[in-house]
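Residue-level structural notes
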Amino acid sequence: MIKLITQSIRQTILWSVLAGVLYPLIMTLFAQTAFRNQANGSLVEKDGKVIGSALLAQQFQGSNYFWPRPSACGYGTGPSGIAASSGSNLGPTSAVLHTNVMNNIAAFISGNNLPTNTVVPADMAFASASGLDPHISPEAARLQTARVAVSRGMSETKVKELVERFVEPPQWGFLGQARVNVLLLNVALDQAQAEAKKAQASSPHRG
């Protein structure tokens, strides 16, 4: 009896150390070495301050930013740090879902001054299952370039070039579809405009 108790205690200590200490420590060290950015949440900084994660969508308001896809949970990525994730859970025959989709389409067309017959990409009409999808389709981003360019007083060509630079191909070339990370694009947009204004201010005046 004492022998069995002693063996049980030894096994408990052994596997607690192996599975509860050594394994997590090794995996943490590996992740911090090989995938440091991903292991720490893929955080995005601006002017030395963390403004979000490349893995989570956040709301961008105003005509001077690219908009993410609609969210059923209000994005939930505010300054409180609470990231609520939720889908609408509405079925295909839901009248509420139909109304929401039509409202999303109308808001996208109106907000971007597009022709009323514009085919709006599905990702801008439907909310994602998580409500926190950080990506939109390249076409959804391209349809917003004119609005962003006008609002910022930038060349539409420059804004289009920026969008194309942030188009990510399918993972490993065949998984999923091409996509654009809205947060990364908007951060680069702010930086590009700031650099353009700085260059303009420092250039000599020509009479």
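A quick note: this is a predicted structure, and the numbers were derived from the prediction, not measured.

Turning to the overall build of the chain, a few remarks are in order. Secondary structure assignment for the chain yields eight helices and five strands. Put simply, the chain runs from its N terminus to its C terminus through helices and strands in the order α-α-β-β-α-α-β-α-α-α-β-β-α. Computed over the C-alpha atoms, the radius of gyration of the chain is 24 Å, more than 25% above the 17 Å expected from 2.2 N^0.38 for a compact globule of 207 residues. Projected onto the principal axes, the alpha-carbon positions of the chain cover approximately 95 × 60 × 35 Å. Across the 207 residues that make up the chain, the buried fraction comes to 30%. Considering only residue pairs separated by 6 or more positions, the chain has 55% of its internal contacts joining residues 24 or more positions apart. Surface accessibility of the chain: about 13600 Å² in total, with carbon and sulfur atoms responsible for 60%. Taken as two groups, the 16 positive and 11 negative side-chain charges of the chain have centres that lie 8 Å from each other.

Together, Met1, Ile5, Ile9, Ile13, Leu14, Trp15, Val17, Leu18, Val21, Leu22 and Ile26 line one region of the surface with nonpolar side chains, adding up to about 1100 Å² of accessible area. Judged by relative accessible area, which is 51%, Trp15 ranks as exposed.

With that settled, the discussion passes to the confidence of the model for the chain. Looking at the chain as a whole, the pLDDT averages 88, with 94% of positions reaching at least 70. Across the chain, helix α5 (residues 138–142) holds the top mean pLDDT of 98, while helix α2 (residues 36–39) sits lowest at 79.

On to helix α6 (residues 145–152). For α6, the set of buried residues is Thr145, Arg147, Val148, Ala149 and Arg152. Two residues or fewer past α6, Gly153 is found with a positive phi of approximately 70 degrees.

Quick notes on the rules
Residues numbered from 1 in each chain as written. Predicted model: local features only at pLDDT ≥ 70, side-chain atom pairs only at ≥ 80, totals over all residues. Heavy atoms only, no water. Helix = DSSP H or I, 4+ residues; strand = E, 2+ residues; numbered from the N terminus. Rg over C-alpha atoms; globule rule 2.2 N^0.38 Å. Buried < 20%, exposed > 50% of the residue type's maximum accessible area, 1.4 Å probe, protein only. Contact = heavy atoms within 4.5 Å. Areas by Shrake-Rupley, 256 points an atom, 1.4 Å probe, with all protein chains shown as cover. Lys, Arg positive; Asp, Glu negative; His and termini not counted. Charge placed at Lys NZ, Arg CZ, Asp CG, Glu CD. Patch = residues over 30% accessible without salt bridge, like charges linked within 9 Å, V, L, I, M, F, W, Y side chains within 5 Å. Salt bridge = Lys/Arg side-chain N within 4 Å of Asp/Glu carboxyl O. pLDDT = per-residue confidence, 0-100.

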